[in-house]
Amino acid sequence: MKIEIITSRNESLKETGFGSLFACNDVLASLERVGHSVLVTICETQEGLDNVVTRKPDLVVLAAKYMALEGEEDVWFSEFFEQNHITFSGANRETLKYDSDKVLAKEHLATFGIKTAKYFTAVPGQYKFEEELPITFPLFIKPADAANGNGIDDESFVENFTNYKAKVSSLYGLYGQPVLVEEYLSGREFTIAVIISGRGQMTVSAIEIVPPTSSCGLKILGASAKTSDTETLKKIEFHDMGSVKKMAVASFRGLGVRGFGRIDVKMDSLGVCYFMEANLVPGMNRGTSYFPRACEIENEMSYDKVIKLMLDESLERVGVDKKLNKLLKQDTASYAV
(Lines give C-alpha, C1' and ligand atoms only; values in the text may rest on other atoms or scores of the structure.)
Protein backbone atom coordinates (compact mmCIF):
# COMPACT_ATOMS: atom_id res chain seq x y z
CA MET A 1 0.00 0.00 0.00
CA LYS A 2 1.19 3.55 -0.77
CA ILE A 3 1.43 5.57 2.45
CA GLU A 4 2.67 9.09 3.22
CA ILE A 5 3.53 10.27 6.73
CA ILE A 6 2.56 13.94 6.93
CA THR A 7 4.24 16.30 9.35
CA SER A 8 5.12 20.00 9.62
CA ARG A 9 7.72 22.22 11.22
CA ASN A 10 5.62 23.05 14.28
CA GLU A 11 8.32 22.69 16.93
CA SER A 12 7.90 26.30 18.03
CA LEU A 13 4.17 25.76 18.56
CA LYS A 14 4.84 23.25 21.36
CA GLU A 15 2.03 21.10 19.96
CA THR A 16 1.33 17.40 20.19
CA GLY A 17 2.61 15.17 17.42
CA PHE A 18 4.72 12.10 16.71
CA GLY A 19 7.80 14.15 17.58
CA SER A 20 10.87 14.97 15.53
CA LEU A 21 11.67 13.76 12.04
CA PHE A 22 13.43 10.84 13.75
CA ALA A 23 10.08 9.65 15.13
CA CYS A 24 8.49 9.87 11.68
CA ASN A 25 11.37 7.82 10.30
CA ASP A 26 10.83 5.23 13.05
CA VAL A 27 7.23 4.86 11.88
CA LEU A 28 8.34 4.78 8.24
CA ALA A 29 10.83 1.97 8.91
CA SER A 30 8.18 -0.03 10.76
CA LEU A 31 5.70 0.28 7.89
CA GLU A 32 8.33 -0.63 5.31
CA ARG A 33 9.18 -3.79 7.24
CA VAL A 34 5.69 -5.12 6.51
CA GLY A 35 5.85 -4.28 2.82
CA HIS A 36 4.25 -0.83 2.46
CA SER A 37 5.69 1.86 0.19
CA VAL A 38 6.21 4.81 2.54
CA LEU A 39 7.26 8.45 2.23
CA VAL A 40 7.72 11.14 4.89
CA THR A 41 6.53 14.56 3.75
CA ILE A 42 7.23 17.78 5.64
CA CYS A 43 4.49 20.21 4.60
CA GLU A 44 5.32 23.89 4.82
CA THR A 45 3.16 25.39 2.03
CA GLN A 46 -0.24 24.88 0.47
CA GLU A 47 1.52 23.78 -2.70
CA GLY A 48 3.23 21.02 -0.73
CA LEU A 49 -0.12 19.75 0.49
CA ASP A 50 -1.63 19.94 -2.99
CA ASN A 51 1.26 17.84 -4.27
CA VAL A 52 0.32 15.10 -1.79
CA VAL A 53 -3.17 15.02 -3.26
CA THR A 54 -1.71 14.78 -6.75
CA ARG A 55 0.35 11.75 -5.69
CA LYS A 56 -2.86 10.06 -4.43
CA PRO A 57 -1.51 7.96 -1.54
CA ASP A 58 -3.80 5.21 -0.27
CA LEU A 59 -3.36 6.49 3.29
CA VAL A 60 -1.81 9.52 4.96
CA VAL A 61 -0.52 9.03 8.49
CA LEU A 62 -0.87 12.34 10.30
CA ALA A 63 2.18 12.95 12.50
CA ALA A 64 1.05 16.51 13.30
CA LYS A 65 -2.30 18.22 13.63
CA TYR A 66 -1.85 21.19 11.37
CA MET A 67 0.44 23.36 9.28
CA ALA A 68 0.94 26.95 10.37
CA LEU A 69 1.06 29.54 7.57
CA GLU A 70 2.35 33.02 8.34
CA GLY A 71 -0.42 35.59 8.12
CA GLU A 72 -3.03 32.95 7.30
CA GLU A 73 -5.22 30.49 9.14
CA ASP A 74 -3.71 27.17 10.14
CA VAL A 75 -4.40 24.32 7.73
CA TRP A 76 -5.63 21.30 9.67
CA PHE A 77 -4.41 18.15 7.94
CA SER A 78 -7.42 16.03 8.90
CA GLU A 79 -9.82 18.58 7.47
CA PHE A 80 -7.78 19.09 4.30
CA PHE A 81 -7.46 15.40 3.47
CA GLU A 82 -11.10 14.72 4.29
CA GLN A 83 -12.11 17.41 1.81
CA ASN A 84 -9.82 15.84 -0.78
CA HIS A 85 -11.17 12.32 -0.17
CA ILE A 86 -7.90 10.81 1.07
CA THR A 87 -8.03 8.41 4.02
CA PHE A 88 -6.09 9.66 7.06
CA SER A 89 -5.10 8.11 10.36
CA GLY A 90 -6.48 9.04 13.75
CA ALA A 91 -9.14 11.47 14.89
CA ASN A 92 -11.01 13.93 12.71
CA ARG A 93 -10.87 17.72 13.00
CA GLU A 94 -13.89 17.92 15.30
CA THR A 95 -12.37 15.53 17.83
CA LEU A 96 -8.85 16.96 17.66
CA LYS A 97 -10.12 20.16 19.28
CA TYR A 98 -10.17 18.24 22.57
CA ASP A 99 -6.45 17.60 22.17
CA SER A 100 -5.69 21.27 21.55
CA ASP A 101 -7.93 22.69 24.26
CA LYS A 102 -7.68 21.10 27.72
CA VAL A 103 -10.56 23.20 29.05
CA LEU A 104 -12.87 22.15 26.23
CA ALA A 105 -12.03 18.49 26.90
CA LYS A 106 -12.82 18.93 30.60
CA GLU A 107 -16.13 20.65 29.86
CA HIS A 108 -17.16 17.97 27.39
CA LEU A 109 -16.31 15.02 29.64
CA ALA A 110 -18.06 16.64 32.61
CA THR A 111 -21.34 16.20 30.69
CA PHE A 112 -20.75 12.44 30.93
CA GLY A 113 -20.09 12.61 34.65
CA ILE A 114 -16.34 11.98 34.22
CA LYS A 115 -14.28 13.46 37.03
CA THR A 116 -11.76 16.19 36.23
CA ALA A 117 -9.80 18.39 38.62
CA LYS A 118 -11.63 21.58 39.59
CA TYR A 119 -10.35 24.45 37.49
CA PHE A 120 -10.71 27.97 36.18
CA THR A 121 -8.89 30.05 33.58
CA ALA A 122 -7.16 33.33 34.30
CA VAL A 123 -5.28 36.25 32.81
CA PRO A 124 -3.01 38.68 34.69
CA GLY A 125 -4.98 41.04 36.90
CA GLN A 126 -8.27 39.19 36.54
CA TYR A 127 -8.35 38.40 40.26
CA LYS A 128 -7.22 41.22 42.53
CA PHE A 129 -7.31 39.38 45.84
CA GLU A 130 -6.87 35.81 47.01
CA GLU A 131 -10.45 35.71 48.27
CA GLU A 132 -11.72 36.14 44.71
CA LEU A 133 -10.12 32.92 43.43
CA PRO A 134 -12.70 30.23 42.57
CA ILE A 135 -10.52 27.49 44.13
CA THR A 136 -8.42 27.56 47.27
CA PHE A 137 -4.67 26.83 47.46
CA PRO A 138 -2.67 24.76 46.67
CA LEU A 139 -3.15 25.20 42.93
CA PHE A 140 -1.44 23.95 39.80
CA ILE A 141 -1.02 26.35 36.86
CA LYS A 142 -0.23 25.38 33.27
CA PRO A 143 -0.90 26.42 29.65
CA ALA A 144 -4.36 25.55 28.36
CA ASP A 145 -3.15 24.07 25.09
CA ALA A 146 0.59 23.32 25.19
CA ALA A 147 1.89 19.76 25.20
CA ASN A 148 4.99 17.83 26.24
CA GLY A 149 5.14 19.50 29.64
CA ASN A 150 5.84 22.92 28.14
CA GLY A 151 5.23 25.71 30.64
CA ILE A 152 5.19 23.29 33.58
CA ASP A 153 7.89 23.48 36.26
CA ASP A 154 8.28 23.81 40.03
CA GLU A 155 6.61 27.24 39.88
CA SER A 156 3.46 25.61 38.51
CA PHE A 157 2.68 24.43 42.05
CA VAL A 158 1.56 27.51 44.00
CA GLU A 159 0.54 27.91 47.63
CA ASN A 160 0.05 31.68 47.88
CA PHE A 161 -1.35 34.60 45.92
CA THR A 162 2.03 36.17 45.15
CA ASN A 163 3.29 33.04 43.42
CA TYR A 164 -0.07 32.60 41.71
CA LYS A 165 0.16 36.05 40.12
CA ALA A 166 3.76 35.47 39.03
CA LYS A 167 3.04 32.16 37.30
CA VAL A 168 -0.11 33.43 35.57
CA SER A 169 1.80 36.45 34.31
CA SER A 170 4.71 34.31 33.12
CA LEU A 171 2.57 31.84 31.16
CA TYR A 172 0.37 34.57 29.70
CA GLY A 173 3.49 36.35 28.50
CA LEU A 174 4.74 33.16 26.81
CA TYR A 175 1.49 31.96 25.24
CA GLY A 176 -0.66 35.08 24.97
CA GLN A 177 -3.85 33.41 26.16
CA PRO A 178 -5.70 32.58 29.40
CA VAL A 179 -3.92 29.96 31.47
CA LEU A 180 -5.42 26.89 33.15
CA VAL A 181 -5.53 26.89 36.94
CA GLU A 182 -6.44 23.57 38.60
CA GLU A 183 -6.82 22.25 42.09
CA TYR A 184 -3.62 20.42 42.95
CA LEU A 185 -3.97 16.65 42.97
CA SER A 186 -1.27 15.13 45.15
CA GLY A 187 -1.68 11.51 44.05
CA ARG A 188 0.06 9.38 41.44
CA GLU A 189 0.19 9.98 37.68
CA PHE A 190 -0.69 7.58 34.89
CA THR A 191 -0.72 7.56 31.12
CA ILE A 192 -2.80 5.11 29.10
CA ALA A 193 -2.35 4.17 25.45
CA VAL A 194 -5.69 3.19 23.90
CA ILE A 195 -6.00 1.59 20.47
CA ILE A 196 -9.26 0.50 18.86
CA SER A 197 -9.39 -1.55 15.69
CA GLY A 198 -11.85 -1.17 12.83
CA ARG A 199 -13.71 -4.14 14.28
CA GLY A 200 -14.06 -2.40 17.63
CA GLN A 201 -11.51 -4.44 19.56
CA MET A 202 -9.80 -2.25 22.15
CA THR A 203 -6.26 -2.58 23.49
CA VAL A 204 -5.55 -0.60 26.66
CA SER A 205 -1.99 -0.20 27.99
CA ALA A 206 -1.72 1.70 31.27
CA ILE A 207 1.47 2.65 33.12
CA GLU A 208 2.44 4.84 36.06
CA ILE A 209 4.77 7.82 35.59
CA VAL A 210 7.01 8.73 38.52
CA PRO A 211 8.63 12.15 37.99
CA PRO A 212 12.06 12.82 39.47
CA THR A 213 12.17 14.76 42.76
CA SER A 214 13.24 18.35 42.13
CA SER A 215 15.52 20.47 44.32
CA CYS A 216 12.35 21.86 45.92
CA GLY A 217 11.21 18.37 46.91
CA LEU A 218 8.40 18.26 44.34
CA LYS A 219 7.56 15.55 41.81
CA ILE A 220 6.36 17.54 38.82
CA LEU A 221 6.22 16.13 35.31
CA GLY A 222 7.32 19.14 33.32
CA ALA A 223 9.22 19.75 30.10
CA SER A 224 12.60 19.33 31.80
CA ALA A 225 11.86 15.80 33.04
CA LYS A 226 10.32 14.74 29.72
CA THR A 227 13.18 16.14 27.64
CA SER A 228 15.86 14.51 29.79
CA ASP A 229 13.90 11.24 30.20
CA THR A 230 14.47 11.30 33.96
CA GLU A 231 10.99 10.12 34.86
CA THR A 232 10.35 6.46 35.68
CA LEU A 233 7.74 4.44 33.80
CA LYS A 234 6.45 1.33 35.53
CA LYS A 235 3.64 -1.19 35.69
CA ILE A 236 0.58 -0.22 37.71
CA GLU A 237 -0.17 -2.07 40.91
CA PHE A 238 -2.97 -4.57 40.38
CA HIS A 239 -5.42 -2.97 42.82
CA ASP A 240 -5.21 0.36 40.95
CA MET A 241 -5.38 -1.04 37.42
CA GLY A 242 -9.17 -1.29 37.18
CA SER A 243 -9.94 2.29 38.19
CA VAL A 244 -7.19 3.78 36.00
CA LYS A 245 -8.26 1.85 32.89
CA LYS A 246 -11.94 2.55 33.52
CA MET A 247 -11.25 6.29 33.62
CA ALA A 248 -9.13 6.15 30.45
CA VAL A 249 -11.64 4.13 28.44
CA ALA A 250 -14.57 6.31 29.56
CA SER A 251 -12.62 9.43 28.55
CA PHE A 252 -11.56 7.94 25.21
CA ARG A 253 -15.14 7.01 24.35
CA GLY A 254 -16.57 10.24 25.74
CA LEU A 255 -14.33 12.33 23.50
CA GLY A 256 -15.30 10.22 20.48
CA VAL A 257 -11.71 9.29 19.62
CA ARG A 258 -11.11 7.20 16.51
CA GLY A 259 -8.24 4.76 16.11
CA PHE A 260 -5.87 5.63 18.93
CA GLY A 261 -5.06 8.16 21.62
CA ARG A 262 -3.27 8.62 24.91
CA ILE A 263 -5.20 9.59 28.03
CA ASP A 264 -3.51 11.09 31.10
CA VAL A 265 -5.02 10.36 34.51
CA LYS A 266 -4.06 11.51 38.01
CA MET A 267 -5.20 10.47 41.48
CA ASP A 268 -5.94 12.66 44.46
CA SER A 269 -4.65 11.89 47.96
CA LEU A 270 -7.48 9.35 48.44
CA GLY A 271 -6.71 7.40 45.27
CA VAL A 272 -9.67 8.74 43.25
CA CYS A 273 -8.93 9.03 39.50
CA TYR A 274 -9.39 12.21 37.49
CA PHE A 275 -9.07 12.86 33.75
CA MET A 276 -6.24 15.30 33.06
CA GLU A 277 -5.86 15.55 29.28
CA ALA A 278 -5.94 13.69 25.97
CA ASN A 279 -3.14 13.37 23.43
CA LEU A 280 -4.63 12.28 20.12
CA VAL A 281 -1.43 12.56 18.07
CA PRO A 282 0.90 10.87 20.56
CA GLY A 283 4.69 10.90 20.45
CA MET A 284 6.10 7.91 18.59
CA ASN A 285 9.84 8.02 19.23
CA ARG A 286 10.99 4.44 19.41
CA GLY A 287 12.16 3.59 22.92
CA THR A 288 11.23 6.87 24.68
CA SER A 289 7.70 8.06 23.83
CA TYR A 290 4.99 7.21 26.36
CA PHE A 291 2.57 5.64 23.88
CA PRO A 292 4.79 2.81 22.57
CA ARG A 293 6.47 2.44 25.97
CA ALA A 294 3.10 1.91 27.69
CA CYS A 295 2.25 -0.82 25.18
CA GLU A 296 5.64 -2.43 25.75
CA ILE A 297 5.59 -2.26 29.55
CA GLU A 298 2.08 -3.54 30.15
CA ASN A 299 1.38 -5.74 27.13
CA GLU A 300 4.91 -6.66 25.98
CA MET A 301 4.21 -5.30 22.51
CA SER A 302 7.04 -4.55 20.08
CA TYR A 303 7.21 -1.16 18.37
CA ASP A 304 6.20 -2.77 15.07
CA LYS A 305 3.17 -4.38 16.72
CA VAL A 306 2.12 -1.00 18.15
CA ILE A 307 2.31 0.66 14.72
CA LYS A 308 0.36 -2.19 13.14
CA LEU A 309 -2.42 -1.95 15.74
CA MET A 310 -2.54 1.86 15.56
CA LEU A 311 -3.08 1.85 11.81
CA ASP A 312 -5.34 -1.21 11.66
CA GLU A 313 -8.50 0.90 11.81
CA SER A 314 -7.37 3.45 9.20
CA LEU A 315 -6.08 0.75 6.83
CA GLU A 316 -9.48 -0.93 7.03
CA ARG A 317 -11.07 2.37 6.07
CA VAL A 318 -8.93 2.68 2.93
CA GLY A 319 -10.99 0.13 1.02
CA VAL A 320 -14.29 1.58 2.25
CA ASP A 321 -13.27 5.14 1.36
CA LYS A 322 -12.15 4.10 -2.12
CA LYS A 323 -15.56 2.57 -2.80
CA LEU A 324 -17.32 5.69 -1.54
CA ASN A 325 -15.10 7.95 -3.66
CA LYS A 326 -15.82 5.82 -6.72
CA LEU A 327 -19.56 6.10 -6.13
CA LEU A 328 -19.20 9.85 -5.61
CA LYS A 329 -17.43 10.21 -8.95
CA GLN A 330 -20.11 8.12 -10.67
CA ASP A 331 -22.86 10.31 -9.19
CA THR A 332 -21.02 13.46 -10.24
CA ALA A 333 -20.61 12.12 -13.77
CA SER A 334 -24.30 11.26 -14.05
CA TYR A 335 -25.29 14.79 -13.03
CA ALA A 336 -22.86 16.22 -15.60
CA VAL A 337 -24.60 14.25 -18.33
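All values derive from a computational prediction rather than experimental measurement. (Residues numbered from 1 in each chain as written. Predicted model: local features only at pLDDT ≥ 70, side-chain atom pairs only at ≥ 80, totals over all residues. Heavy atoms only, no water.)

### Here's the deal with the overall build of the chain
Next, step 1: When helices and strands are tallied, the chain shows ten helices and 14 strands.
Next, step 2: The C-alpha atoms of the chain give a radius of gyration of 21 Å, which matches the 20 Å a tight globule of 337 residues would have.
Next, step 3: For the chain, the C-alpha atoms occupy an extent of roughly 70 × 45 × 35 Å along the three principal directions.
Next, step 4: Here the chain, with 337 residues, has 51% of them falling under the buried criterion.
Next, step 5: Residue pairs in contact within the chain that sit at least 24 positions apart in sequence constitute 68% of those at least 6 positions apart.
Next, step 6: Across the chain, the centroid of the 38 positively charged side chains sits 5 Å from that of the 47 negatively charged ones. (Helix = DSSP H or I, 4+ residues; strand = E, 2+ residues; numbered from the N terminus. Rg over C-alpha atoms; globule rule 2.2 N^0.38 Å. Buried < 20%, exposed > 50% of the residue type's maximum accessible area, 1.4 Å probe, protein only. Contact = heavy atoms within 4.5 Å. Lys, Arg positive; Asp, Glu negative; His and termini not counted. Charge placed at Lys NZ, Arg CZ, Asp CG, Glu CD.)

### Observations concerning the sheet that holds strand E13 (residues 260-267)
Next, step 1: Pairing is antiparallel across the open sheet formed by five strands, whose spatial order is E12-E11-E10-E13-E14. A strand with exactly one partner marks an edge of an open sheet, and here the two such strands are strand E12 (232-235) and strand E14 (273-279). Between one strand and the next, the sheet's axes are offset by a mean angle of 30°, whatever the strand orientation.
Next, step 2: Sheet topology places strand E10 (residues 189-196) next to strand E11 (residues 202-210); eight bridges connect them, and they run antiparallel. By the bridge assignment, Ile196 is partnered in E11 with Met202.
Next, step 3: Across the face of the sheet, helix H9 (residues 290-299) comes into contact with E10, E11, E12 and E13 while running at roughly 100° to E11. (Pairing = 2+ DSSP bridges. Axes fitted to C-alpha atoms, helices over the stretch in contact; angles between N-to-C directions.)

### Focus: H9
Residues lying three or four places apart along an α-helix face the same way, a consequence of the helix completing one turn every 3.6 residues.
Next, step 1: Burial runs high along H9: seven of the ten residues are buried.
Next, step 2: Of all the residues in H9, the buried ones are Tyr290, Phe291, Pro292, Ala294, Cys295, Ile297 and Glu298.
Next, step 3: Glu300 sits one or two positions beyond H9 and adopts a positive phi of about 55°.

### Notes on the pattern of salt bridges
Next, step 1: Counted according to the given criterion, the structure contains 17 salt bridges.
Next, step 2: In this structure, Lys106 engages Glu182 in a salt bridge whose closest nitrogen and oxygen atoms are separated by 2.8 Å. Placement of the pair is Lys106 in helix H5 (residues 102-110) and Glu182 in strand E9 (residues 179-183), with a sequence separation of 76 residues.
Next, step 3: Given a relative accessible area of 1%, Lys106 falls into the buried group.
Next, step 4: The partner of Glu208 in a salt bridge is Arg188, and the shortest N-O contact between them spans 3.1 Å. Here Glu208, found in strand E11, pairs with Arg188, found in the loop between E9 and E10; they are 20 residues apart in sequence, far enough to count as distant.
Next, step 5: The partly exposed category is assigned to Arg188, whose relative accessible area is 25%.
Next, step 6: Counted as one network, the salt bridges with shared partners bring together Lys106, Lys142 and Glu182. (Salt bridge = Lys/Arg side-chain N within 4 Å of Asp/Glu carboxyl O.)

### What to know about the packing of aromatic side chains
Next, step 1: Per the stated rule, a full pass over the model turns up eight aromatic pairs.
Next, step 2: For the pair Phe120 and Tyr164, a centre-to-centre distance of 6.5 Å together with 45° between the ring planes defines the contact as tilted. Of this pair, Phe120 sits in strand E6 (residues 119-122) while Tyr164 sits in helix H6 (residues 161-175), and the two are 44 residues apart along the sequence. Both residues of the pair, Phe120 and Tyr164, belong to the buried class.
Next, step 3: Summarising the aromatic geometry, the rings of Phe161 and Tyr164 are spaced 5.5 Å apart at their centres and angled 15° between planes, so their arrangement reads as stacked. (Phe/Tyr/Trp six-rings, centres within 6.5 Å; stacked < 30°, edge-to-face > 60°.)

### As for the sheet that holds strand E8 (residues 157-158)
Next, step 1: With antiparallel pairing, the four strands of this open sheet are ordered in space as E6-E9-E7-E8. Two strands bound the open sheet, and with one partner strand each, they are E6 and E8.
Next, step 2: Alignment of E6 against E9, held across four bridges, turns out to be antiparallel. If you follow Thr121 over to E9, its bridge partner there is Leu180.
Next, step 3: Helix-sheet contacts for H6 involve E6, strand E7 (139-142), E8 and E9, and the interaxial angle to E7 is about 15°.

### A few points about the side chain of Glu182
Next, step 1: We classify Glu182 as buried; its relative accessible area is 1%.
Next, step 2: Side-chain polar atoms of Glu182 contact the side chain of Lys106, separated by 2.8 Å.
Next, step 3: Other than its neighbours up to four places away in sequence, Glu182 contacts Lys106, Ala117, Lys118, Tyr119, Leu139, Phe140, Lys142 and Met276. (Polar contact = N/O pair within 3.5 Å; in protein donor to acceptor, adjacent residues only side chain to side chain.)

### Quick look at the packing of helix H4 (residues 93-100) against H5
Next, step 1: Where H4 contacts H5, the two axes come as close as 5 Å, and the packing angle between them is 110°. Classified by the angle their axes make, H4 and H5 are roughly perpendicular. Contacts from Lys97, Tyr98 and Ser100 in H4 reach Lys102, Leu104, Ala105 and His108 in H5.
Next, step 2: A class-by-class count of the residues in the contact of H4 with H5 yields three nonpolar, two polar and two charged. (Parallel < 35°, antiparallel > 145°, perpendicular 65-115°, else oblique. Nonpolar A, V, L, I, M, F, W, Y, C, P; charged D, E, K, R; others polar.)

### Comments concerning the nonpolar core
Next, step 1: Membership of the largest hydrophobic core comes to 65 residues, with the highest contact counts inside it found for Ile5, Ile192, Phe275, Met284 and Phe291.
Next, step 2: Apart from residues lying up to four places away in sequence, Met284 is in contact with Phe18, Ala23, Asp26, Val27, Ser289, Phe291, Pro292, Tyr303, Val306, Ile307 and Met310. (Core = buried A, V, L, I, M, F, W, Y, C linked by side-chain atoms within 4.5 Å.)

### Observations concerning the state of the cysteines
Put plainly, two cysteines are in a disulfide when a covalent bond ties their sulfur atoms together.
Next, step 1: Inspection of every chain in the model, using the stated rule, returns zero disulfides.
Next, step 2: Cys295 supplies the cysteine sulfur nearest to Cys273, a cysteine that is in no disulfide, at a spacing of 19 Å.
Next, step 3: Under the relative-accessibility criterion, Cys273 is labelled buried at 7%. (Disulfide = S-S within 2.5 Å.)

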